[in-house]
Every structure is written in structure tokens, then in C-alpha cells.
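# Inside the fold
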Amino acid sequence: MTQADESSSSSQLEILQLGNPKLRDQARAIASPENPALQALIDRLLATLKTSNGVGIAAPQVGQPICLVIVASHPNPRYPDAPEMEPLPMLNPRLLSHSDEMVKGWEGCLSVPGIRGLVPRYRAIEVEYGDRHGHLRRQIFTDFVARIVQHETDHLNGLVFVDRVETTRDLITEQEYQKLLA
């Protein structure tokens, strides 16, 4: 991060849009969780997520190719039935195991505005990750929160949800998706 990035740590970050080649980069592992620039980035990602009605965000979405995601499920206009949880920064997340069962569910992405896709994901996953202070954690996630974790960790590998749909017939506009919720 640059000094300008650090000095404006309270401002919202620009979210890269589909087509920006940085979204397809492979993220690199975080070696120093205690780095003040990393801690400032976490805070800025949390602020960006809050103002964007998102339920998750990955550092590559803001042009930072590092293995950092935030999972922050909560009901909002984009996901009215989302469960409530405290925002969870995850450093270097790694999938340890998953259920055999896969479930299709509608996903959107802050980097792919206006489009939703019906994406198959594992119903349950076990993930190892560092918390924002680098302490190693292991946790099982299920259902919608497991979907968020899988979606966000895809970003660390240069993938977006449209890469995961089984057919283009599983893509719809946000406007049509909102009609499904009514």
C-alpha cells in the first residue's frame, strides 16, 4: 500500500469491476499480519463493505493481490434473508474439507454489478485462516455463510462467480432477481 492509501484509511475503497485484469490475478499469502498497512486495509475493507450493502469482500477486489477476505453476512437490500454475523476478517484462508452435498444459490458480486448467477457451492466447509491478528483459527461454515466464504476465496484465485455458473441460462439481471424476492 502507498502512503496515500494509509493516510486515507477512513475512506471507502474503489471496487474493481469485471474486465479489470487485476481481478484475475492470483493473490499472495500474507506474511506479516501485524503490519499497520494491512490493519488499515482491513478497516477500509470493512467500511467499504458497510456502505456497499455487500456480505463479503476480498482484497483483490480493491486492487490488493493478497489473501485477505472479509465475511460479513447481514440482512440488507441485496440479501434480505442473510443471517446476521459479526464481520470476520480472514487472512490466508484455506479450505480443509467440505460436504459432499452441493447446493445451487443466487450470487451477486460487488465487482459484477447488475448481474446474479445461480452458482453451485458446497453446503458445508471447514476452513483454516488467520484472524486479523494472525492467530490461526479453524471453523466450520454452513449454508449462506459457507457460500460467502467460497465466493470470496474464489477472488483470491482470480475467479468470479460467473466462472462457476453451469450455463449462461443461470445468469439474470439484478432487476429480475429482485422480482424473485417479491
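Residues numbered from 1 in each chain as written. Predicted model: local features only at pLDDT ≥ 70, side-chain atom pairs only at ≥ 80, totals over all residues. Heavy atoms only, no water.

With that settled, consider the pairing of strand E2 (residues 68–71). Of the two faces of E2, both are covered, the one formed by Leu68 and Ile70 as well as the one formed by Val69 and Val71. Two elements, strand E1 (residues 56–58) and E2, share three bridges in a ladder whose sense is antiparallel. Among the inter-strand pairings, isoleucine 57 is bridged to a residue of E2, identified as isoleucine 70. (Buried < 20%, exposed > 50% of the residue type's maximum accessible area, 1.4 Å probe, protein only. Helix = DSSP H or I, 4+ residues; strand = E, 2+ residues; numbered from the N terminus. Pairing = 2+ DSSP bridges.)

Counted under the stated rule, the structure contains one cavity of 30 Å³ or more. Its boundaries defined by the atoms lining it, the largest cavity holds a volume of some 130 Å³. Around the largest cavity, the lining is made up of 16 residues, and of these Val55, Tyr79, Gly108, His151 and Glu152 lie nearest the centre. Looking at the lining of the largest cavity, the element that brings in the most residues is helix H3 (residues 143–156), giving five residues. (1 Å grid on protein atoms, 1.4 Å probe; cavity = no way out; pocket = protein on both sides within 12 Å on 5 of 7 lines; lining within 4 Å. Points joined across faces, edges and corners; volume = space filled by probe spheres on them.)

Located in the positive-phi region is asparagine 53, a residue other than glycine, with phi close to 60°. Its place among the elements puts asparagine 53 in the loop between helix H2 (36–52) and E1. On the accessibility criterion, asparagine 53 (29% relative accessible area) is partly exposed.

It is worth spelling out the nonpolar core at this point. Grouped together as the largest cluster of nonpolar side chains are 19 residues, with contacts concentrated most on Val71, Met90, Val127, Phe141 and Val149. If you list the elements that add at least two residues to this core, you get E2, strand E3 (88–98), strand E6 (124–130) and H3. At five residues, the largest contribution of residues to this core is made by H3. If you look at the next biggest cluster of nonpolar residues, it comprises 17 residues, including Ile30, Leu38, Ile70 and Ala72. (Core = buried A, V, L, I, M, F, W, Y, C linked by side-chain atoms within 4.5 Å.)

What follows covers the sheet that holds strand E7 (residues 136–142). Strand order in this open sheet of five strands is E1-E2-E3-E6-E7, and the pairing throughout is antiparallel. Strands with a single pairing partner mark the edges of an open sheet, and in this sheet they are E1 and E7. Going across the sheet, the axis of each strand differs from the next one's by a mean of 40°, ignoring polarity. Packing of H2 onto the sheet brings it into contact with E1, E2 and E3, and relative to E2 it is tilted by some 40°. (Axes fitted to C-alpha atoms, helices over the stretch in contact; angles between N-to-C directions. Contact = heavy atoms within 4.5 Å.)

Here the focus is the sheet that holds strand E4 (residues 102–109). Taken in spatial order, the three strands line up as E4-E5-E8 in an open sheet, and their pairing is antiparallel. Two strands close off the open sheet at either side, each with one partner strand: E4 and strand E8 (171–173). Neighbouring strand axes in the sheet, compared pairwise and without regard to direction, differ in orientation by 25° on average. As defined by bridge partners, E4 adjoins strand E5 (residues 112–122) across seven bridges and the pair is classed as antiparallel. Note that in E5 the partner of lysine 104 across the bridge is proline 120. Against the sheet, H3 engages E4 and E5, with an angle of about 60° to E4. Its contacts with the sheet place helix H4 (residues 174–181) against E4, E5 and E8, and it is angled at close to 90° to E8.

We now examine the pairing of E5. Hairpin connection of E4 to E5: two residues between the antiparallel strands. Across three bridges, the pairing between E5 and E8 is antiparallel. Paired with arginine 116 across the two strands is isoleucine 172, which belongs to E8.

Turning next to the environment of serine 32. Mapped onto the elements of the fold, serine 32 is located in the loop between helix H1 (3–7) and H2. Residue classification places serine 32 among the partly exposed residues on the basis of a relative accessible area of 32%. As for serine 32 and histidine 133, which are separated by 101 residues in sequence, their C-alpha atoms are 9.2 Å apart.

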